[in-house]
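# A closer look at the structure
The lines below spell out each chain.
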Amino acid sequence: MPFIDNYFLFAYIWIAIGFISFPLILKYDAPYGRHTSSDWGPLVDNKLAWIIMELPALILCPLIVFLSENVLSNLTKFFILLWVLHYFNRSIVFPIRIKTKKKKMPFIIAFLAIVFNIVNGLINGLYFSNIGYNYPESWILSPQFIFGIIIFIFGFYINNISDSHLISLRKGHDNKYVLPQKGLFKFVSCPNFFGEIIEWLGFAIMTWSIAGLAFFLWTFFNLVPRALSHHKWYKEKFPDYPKSRKAVFPFIL
Ligand SMILES: NC(=O)c1ccc[n+]([C@@H]2O[C@H](COP(=O)([O-])OP(=O)(O)OC[C@H]3O[C@@H](n4cnc5c(N)ncnc54)[C@H](OP(=O)(O)O)[C@@H]3O)[C@@H](O)[C@H]2O)c1
């Protein structure tokens, strides 16, 4: 089978696994952060796990593209730059900033996240090195690019200011949880997840690719259930939790 057929088969299988896993992810609260639990086997340091589990995505996608024999267009290089920007933040900056001293997460969660980041890095790296390596400059004027980049920037911004707000809540509170009140937290419990979902939706639209679509769908499958369990947790822990606040999508869910 030629590479391109194998690639699309791989991407479709990965998307299908996402759809099949979604009900399971909805059923179990992913046991890290506030839901961490020793019932899921041996535990590892939370901060270190974040670095190790996100690094494969930071390295793999750009490495595959870098090693490719195809000459990349400037626009394809720009897409890779956005990827690196996101994953440099997620695998290096974010873990350094979080205040989770002595907190742990199950090894199995870190392992599953590594598998996710390897497959996601492969799907995107192989796409941009072998299929989408020559986006023409005229693509910048396409509705997909214009609409997609606006959504991406909006999502990236929301994700980062919301994560920063959560991190700032821990100052002087030593691993405690504080009721977030600022910005989009007035509307949803997890604006950081809303931002991340929007960000990868924007990436999928601007690249108009199966690789971007797969990443967006998996982000949705991972983060909507987590937002629902965070939302439920907040309502149980804070009796005065604002009634109008939704879990992840303002005014909707
Ligand atoms: N693309 C994907 O599939 C995917 C999957 C997972 C995560 N992510 C991204 O990774 C980032 C982190 O995810 P996460 O699940 O760890 O997010 P999270 O549960 O919202 O936690 C983010 C950080 O803020 C702290 N925190 C959360 N709520 C707090 C509160 N009320 N008071 C004080 N501190 C609070 C957490 O501490 P604790 O750890 O102690 O709770 C953690 O350090 C997010 O930006 C998310 O979008 C992406």
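The text that follows walks through the structure, step by step, so that each part is easy to find. Nothing here was measured: the structure is a model prediction, and the numbers come from that model.

On to unusual backbone geometry, then. With phi around 45°, Trp208 is a residue other than glycine that occupies positive phi space. Tracing the sequence through the fold places Trp208 in the loop between α6 (191-207) and α7 (210-237). Trp208 sits in the exposed class, given a relative accessible area of 57%. Phi at Phe251 is positive, roughly 65°, even though this residue is not glycine. The topology assignment puts Phe251 in the segment after α7. Exposure remark for Phe251: the relative accessible area of 68% places this residue in the exposed category.

Our focus in this paragraph is the side chain of Ser189. Considering the arrangement of structural elements, one finds Ser189 in the loop between α5 (143-169) and α6. Ser189 gets classed as buried once you look at its relative accessible area, which sits at 2%. A distance of 2.5 Å separates a polar atom in the side chain of Ser189 from a polar atom in the side chain of Tyr241. With residues up to four places along the chain from it excluded, the contact list for Ser189 reads His231, Tyr234, Tyr241, Arg245, Lys246 and Ala247.

Mapped onto the secondary structure, Ile80 falls in helix α3 (residues 74-97). Here the alpha-carbon distance between Ile80 and Asn124, two residues 44 residues apart in the chain, equals 9.2 Å. If we ignore the near neighbours within four places in the chain, the residues touching Ile80 are Cys61, Pro62, Val65 and Phe128.

Ranked by size, the top nonpolar core spans 53 residues in total, and within it Tyr7, Phe79, Phe128 and Met206 carry the most contacts. At the level of elements, α1 (3-27), α2 (46-67), α3, α4 (107-130), α5, α6 and α7 are the ones that each hand at least two residues to this core. Top element by residues in this core is α7. It accounts for eleven residues. If near-sequence neighbours (up to four positions away) are discounted, Phe128 is found in contact with Val65, Leu72, Thr76, Phe79, Ile80, Tyr133, Tyr135, Phe203 and Thr207. In this structure, Trp50, Met53, Ile98 and Ile109 belong to the second largest nonpolar core, which totals eleven residues.

Each value, and the rule that gives it
- Residues numbered from 1 in each chain as written.
- Predicted model: local features only at pLDDT ≥ 70, side-chain atom pairs only at ≥ 80, totals over all residues.
- Heavy atoms only, no water.
- Helix = DSSP H or I, 4+ residues; strand = E, 2+ residues; numbered from the N terminus.
- Buried < 20%, exposed > 50% of the residue type's maximum accessible area, 1.4 Å probe, protein only.
- Polar contact = N/O pair within 3.5 Å; in protein donor to acceptor, adjacent residues only side chain to side chain.
- Contact = heavy atoms within 4.5 Å.
- Core = buried A, V, L, I, M, F, W, Y, C linked by side-chain atoms within 4.5 Å.

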